[in-house]
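Structural description and commentary
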Amino acid sequence: MTAPALPSIPFIDVAAQRRRLGSLVDDAINRVTSHCGFIMGPEVAASERALEAFCGAKHALTVASGTDALALILMAKGVKPGDAIFCPAFTFAATAEVVAWLGASPVFVDVLADTYNMDPESLKRAISTAKHAGLKPTGVMPVDLFGLPADYDAIEPIVAENGMWLLCDAAQGFGAHYKGRAVGTIGLATATSFFPAKPLGVYGDGGAITTEDDELLSILKSLRIHGQGEDKYDNVRIGMTGRMDTIQCAILLEKLKIFGDEIAARNRVATRYLAGLKGVVAVPEVPAGLTSVWAQYTIRVPAAKRNDIIAALKARGVPTAIYYPKPMHVQAPYKRYPVAANGLPVTDVICHEVMSLPMHAYLDEATQDYVIEAVRDAVASV
């Protein structure tokens with residue numbers, strides 16, 4: 001007897017969004033291929049104005065990727081060897097990578113067990129660690145992990161007291177809010193990513209920087225195109241090729257039009273997960289006054305059972321992912337950099353417990369119910 005076919009459940013359903021947008025994306029791409037302004041065409045400036053309008057930032061600058069967004073801000077601030085830049089260890093490599101590019105030192109900070117975001121008390125300890133190592137505390141880079149803003153009310157005073165600046169890594173968090181403030185309007189600058197799997201993604205690499213700082217914007221514009229001055233053959237500083245392609249900006253313009261609706265849909269999915277899984281696994285909850293865009297829906301299970309639970313879900317056609325199985329401070333290129341005094345105990349535990357479930361704006365209730373039932377059965381059976 002043939003076993004019943006497993007359901008086909010996308011972890012992130014980019015194709016469903018593509019079907020919704022239909023000819024709107026085709027037409028946007030065709031406009032670019034008609035005017036042939038493939039580099040810095042009119043859609044670039046148009047998408048920047050649309051990003052400003054969406055989050056309320058004074059300035060938005062599109063760039064080639066979320067990683068380039070971070071790097072350009074650090075370059076604009078003149079980050080150099082001897083500078084300490086504080087970032088969580090529980091994040092993707094890009095956050096610390098760009099610091100190392102410039103010869104500065106990432107200093108790794110622990111995260112909070114309930115939000116997975118930077119722990120302000122660990123940040124204080126990390127600053128002391130950096131000073132003891134002879135480094136200059138320069139900047140703080142919290143990550144709005146899985147779409148939830150970091151605890152900025154607690155972090156901002158620490159930044160100010162130590163004469164540093166705040167760079168928000170919102171690669172996963174653009175579209176969220178922190179106590180009435182939109183992500184993109186907090187700190188010196190915000191970097192975000194439009195990688196296809198992000199809540200607001202394009203069809204390739206892309207990213208953006210938002211800031212209220214006119215002078216910083218001017219430097220960023222120069223750095224984005226090889227450090228150009230009056231024209232492209234007048235180079236007044238060392239820069240990079242950090243432009244976002246016109247076609248990607250055209251796609252972004254169409255996706256921005258439905259982004260608010262998709263955020264609402266993601267929150268409905270998260271609410272249903274909470275109702276179906278609370279008390280079964282450790283589920284994420286959003287602190288009062290904050291909103292999330294739910295880049296991932298990440299639960300925690302006992303470390304000893306995680307692999308078995310993942311295997312049981314796979315057997316029922318339910319995809320999962322682990323963000324992040326190996327924190328930055330234990331990865332080979334980053335082991336030599338400092339960590340906060342007393343270590344990173346939360347990070348060291350949760351990396352063995354976290355697992356993420358399918359999450360996107362087009363996850364229908366029947367499919368989600370199947371996922372919830374499969375999780376409940378897997379937890380009970382292993």
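In this report, we go over the structure that sits alongside the text. What you are looking at is a predicted structure, and each value in this text was computed from that prediction instead of being measured. (Residues numbered from 1 in each chain as written. Predicted model: local features only at pLDDT ≥ 70, side-chain atom pairs only at ≥ 80, totals over all residues. Heavy atoms only, no water.)

1. Some details on the sheet that holds strand 10 (residues 290–291)
Which entries qualify depends on this criterion: Pairing between two strands requires that DSSP report at least two bridges joining them. Helix and strand assignments come from DSSP, with helices taken as H or I runs of at least 4 residues and strands as E runs of at least 2, each series counted from the N terminus.
The antiparallel open sheet is built from three strands, whose spatial order is 7-6-10. Both outer strands of the open sheet, strand 7 (181–182) and strand 10, are each paired with one neighbouring strand and no more. Judged from the two bridges that link them, strand 6 (residues 177–178) and strand 7 form a sheet pairing that is antiparallel. What sits directly across from Y178, in strand 7, is R181.

2. What about the packing of helix 2 (residues 23–35) against helix 9 (residues 246–277)?
How we decide: Axes here mean lines fitted to C-alpha atoms, for a helix over just the part in contact, with angles spanning 0 to 180 degrees between N-to-C directions. Between 65 and 115 degrees an angle is taken as roughly perpendicular, under 35 as roughly parallel, over 145 as roughly antiparallel, and anywhere else as oblique. Left-handed is the label given to a crossing in which the near helix is rotated counterclockwise from the far helix by less than a right angle, and right-handed is the label when the rotation is clockwise. Note on definitions: a residue-residue contact is assigned when non-hydrogen atoms from the two residues lie within 4.5 Å. The classification used treats Ala, Val, Leu, Ile, Met, Phe, Trp, Tyr, Cys and Pro as nonpolar, Asp, Glu, Lys and Arg as charged, and all other residues, Gly among them, as polar.
Packing of helix 2 against helix 9 leaves a shortest axis separation of 9 Å and a crossing angle of 150 degrees. Taken together, helix 2 and helix 9 sit at an angle that is classed as roughly antiparallel. For the element pair helix 2 and helix 9, the recorded crossing hand is right-handed. On helix 9, the residues touching L24, V25, A28, I29, R31, V32, T33 and H35 of helix 2 are T246, I247, A250, I251 and E254. Of the residues belonging to the contact of helix 2 with helix 9, the class tally is eight nonpolar, three polar and two charged.

3. What to know about helix 7 (residues 152–161)
Going by this rule: The buried label goes to any residue with under 20% of its type's maximum accessible area, the exposed label to any with over 50%, and the partly exposed label to all in between, with areas taken from a 1.4 Å probe on protein chains only. Along the arc lie the directions from the helix axis toward the C-beta atoms.
Buried within helix 7 we find Y152, I155, I158 and V159. Buried residues along helix 7 cover an arc of 130 degrees about the axis, so they all sit on one side. In helix 7, the exposed residues that point more than 90 degrees away from the buried face are A160 and E161. On the buried face of helix 7, the contacting elements are helix 6 (120–132), strand 4 (136–140), strand 5 (165–169), strand 6 and strand 7. Just past helix 7, the residue G163 takes up positive phi, approximately 65 degrees.

4. Points about the side chain of Q368
Mapping Q368 onto the fold places it in helix 12 (residues 365–381). Beyond its immediate chain neighbours, meaning those up to four positions away, Q368 contacts V269, R272, Y273 and L363.

5. Details of the packing of aromatic side chains
Defined as follows: Between the rings of Phe, Tyr and Trp (Trp by its six-membered ring), a pair exists once the centres lie within 6.5 Å; its type follows the angle of the planes, with under 30 degrees stacked, over 60 edge-to-face, and the other angles tilted. Throughout this description, the term charge over a ring refers to an Arg CZ or Lys NZ atom that lies within 6 Å of the ring centre and within 35 degrees of the ring normal.
According to the stated counting rule, one finds 14 aromatic pairs in the structure shown. Between Y323 and Y324 the ring centres are 5.8 Å apart and the planes differ by 70 degrees, which places this aromatic pair in the edge-to-face class. Centre to centre, the rings of Y334 and Y337 are 6.3 Å apart; their planes meet at 40 degrees, and the pair counts as tilted. Like Y337, Y334 is buried. The aromatic ring of Y370 is capped on one face by R316, whose charged end is 5.4 Å from the ring centroid.

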